[in-house]
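# Residue-level structure breakdown
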Amino acid sequence: MISVIIPVHNGGENFRRCLVSLSECATQPDEIIVVADGESDGSWRMAEDFDTDILKIPTPGGPAKARNTGARKAKGDILFFVDADVTVAGDAISTVIEAFERDTDLAAVFGSYDDEPFETNFLSQYKNLFHHYVHQTSNPEASTFWGACGAIRRDIFLKAGGFDESFRRPSIEDIELGYRLKEAGYKISLLKDLKVKHLKYWGPLSLLRADLFYRAIPWTRLIMIQGKLPDDLNLKLSARLSVASIYSLIIALAASLYMPWFLLIVFSLIMLLLLLNRDIYLFFKEKRSILFMLKTIPWHWLYFFYSGLGFMIGFTDYYVKRLKGEKRKQ
């Protein structure tokens, strides 16, 4: 049996699109559990028009708590977590089932966004295509998990303790669970043919807030706690070198105001950044256009800047809290 679990908080019309896509899957799940996470817009009522079980949490606790609540209610031996702002492909359920049937040692799987984002504005296209590219070019033997489109054996999920409910907003609760699963020796696979369409609209503020405060900073804290830096997904060596190159470029630009020969270093760093990220820029060009590719470059370099900033903030926060903890013990 497979149980689909959807946490929803003020889902709006996108939530209906999600439910419609599930109802149109060639293989139907055994149950769909909708967990209304302290909603105020009443969008959970849309689920009444579909064959779903609805659970309600009075006050918002975040997607981690909502998913855990659904998992405890679920009857299926496979839990398939789907976000309320995505639509699934027609073969999504069968793809998940077949993956677990092929490999009895498999503990969890996850997919990626597709390459046709719903919203047409530039930032939504860029953000979702970026995510698609990262997942599609990453190691199939994964070291993490993804809650927007990820499935896990129920017994393993419950044994691991589920998602960490201290994450009260959509953050890295799925990554943290993936790290725990990997540490316990479980096998996780990234299925590149398992795709969902992201319906979210991204604007400048929402993108920067999510990437910096809900991803980069808490992810850094998690890395410091784990003591490991996986060479995969957003943490690949090329990405780390790009972050270092961006900060070096800023320093070189500042120095060139006083020592013009630093412009040679500026040019070299620009060429290095283009070389390090050549493949993704060609991907943007292939999927959209040369103009689109050129527009992504400043945003991509800004991404490296605030990722580095997030790492420095998270690193400092981790050691400050660690020192305070050591002082209390003395």
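Structure: see above.
Quick caveat, the model's predicted, so the values are computed rather than measured. (Residues numbered from 1 in each chain as written. Predicted model: local features only at pLDDT ≥ 70, side-chain atom pairs only at ≥ 80, totals over all residues. Heavy atoms only, no water.)

A grouping of Asp-91, Glu-98, Glu-101 and Asp-193 is seen on the molecular surface, where their side chains present a negatively charged patch. The residue Asp-193 is located in strand S8 (residues 187-198) in this model. (Patch = residues over 30% accessible without salt bridge, like charges linked within 9 Å, V, L, I, M, F, W, Y side chains within 5 Å. Areas by Shrake-Rupley, 256 points an atom, 1.4 Å probe, with all protein chains shown as cover. Salt bridge = Lys/Arg side-chain N within 4 Å of Asp/Glu carboxyl O. Lys, Arg positive; Asp, Glu negative; His and termini not counted. Charge placed at Lys NZ, Arg CZ, Asp CG, Glu CD. Helix = DSSP H or I, 4+ residues; strand = E, 2+ residues; numbered from the N terminus.)

Further remarks concern helix H6 (residues 173-183). Summarising burial for H6: 8 of the 11 residues are buried, a large majority. Every buried residue of H6 is listed here: Glu-173, Asp-174, Ile-175, Glu-176, Leu-177, Gly-178, Tyr-179 and Leu-181. Among the structural elements, helix H2 (63-73), strand S6 (106-113), strand S7 (149-153), helix H5 (154-160), S8 and helix H7 (204-226) are those in contact with the buried residues of H6. (Buried < 20%, exposed > 50% of the residue type's maximum accessible area, 1.4 Å probe, protein only. Contact = heavy atoms within 4.5 Å.)

Moving on, we come to the state of the cysteines. With the rule as written, the count across this model stands at 0 disulfides. In this structure Cys-25 is not part of a disulfide, and its nearest cysteine sulfur, from Cys-18, lies 9.5 Å away. Accessibility expressed as a relative area gives 6% for Cys-25, which makes it buried. A disulfide-free cysteine, Cys-149 has its sulfur positioned 10 Å from the sulfur of Cys-25, the nearest such atom. (Disulfide = S-S within 2.5 Å.)

Glancing now at the side chain of Asp-37. Within the fold, Asp-37 resides in strand S2 (residues 31-37). No salt bridge is formed by the buried Asp-37, whose closest oppositely charged neighbour, Lys-65, lies at an N-O distance of 6.7 Å. A distance of 2.8 Å separates a polar atom in the side chain of Asp-37 from the backbone nitrogen of Gly-61. If we ignore the near neighbours within four places in the chain, the residues touching Asp-37 are Val-8, His-9, Ile-57, Thr-59, Pro-60, Gly-61, Gly-62, Pro-63 and Ala-66. (Polar contact = N/O pair within 3.5 Å; in protein donor to acceptor, adjacent residues only side chain to side chain.)

Most of strand S4 (residues 78-82) sits inside the fold, with 5 of its 5 residues counted as buried. As paired elements, S4 and S7 share 5 bridges and run antiparallel to each other. Its bridge partner being in S7, Leu-79 is matched across the sheet by Ile-152. (Pairing = 2+ DSSP bridges.)

Moving on: the pairing of S7. With 5 of 5 residues buried, S7 is to be regarded as a mostly interior element. Burial of S7 is two-sided: the residues Cys-149, Ala-151 and Arg-153 facing one way and the residues Gly-150 and Ile-152 facing the other way are all buried.

What follows deals with the pattern of salt bridges. Enumeration according to the criterion identifies 14 salt bridges in this entry. With its nearest N and O atoms 2.4 Å apart, the salt bridge here joins Asp-103 to Lys-187. Taken together, the positions of Asp-103 in the loop between helix H3 (92-102) and S6 and Lys-187 in strand S8 put the pair 84 residues apart, joining distant regions of the chain. Between Lys-287 and Asp-115 there is a salt bridge, with the nearest N and O atoms lying 2.7 Å from each other. Pair noted here: Lys-287 is in helix H10 (residues 278-287) and Asp-115 is in the loop between S6 and helix H4 (122-136), with a separation of 172 residues, a long-range link. By relative accessible area, Lys-287 is classed as partly exposed at 29%. Among the ionic contacts, a cluster of salt bridges with common partners joins Glu-13, Arg-16 and Asp-49.

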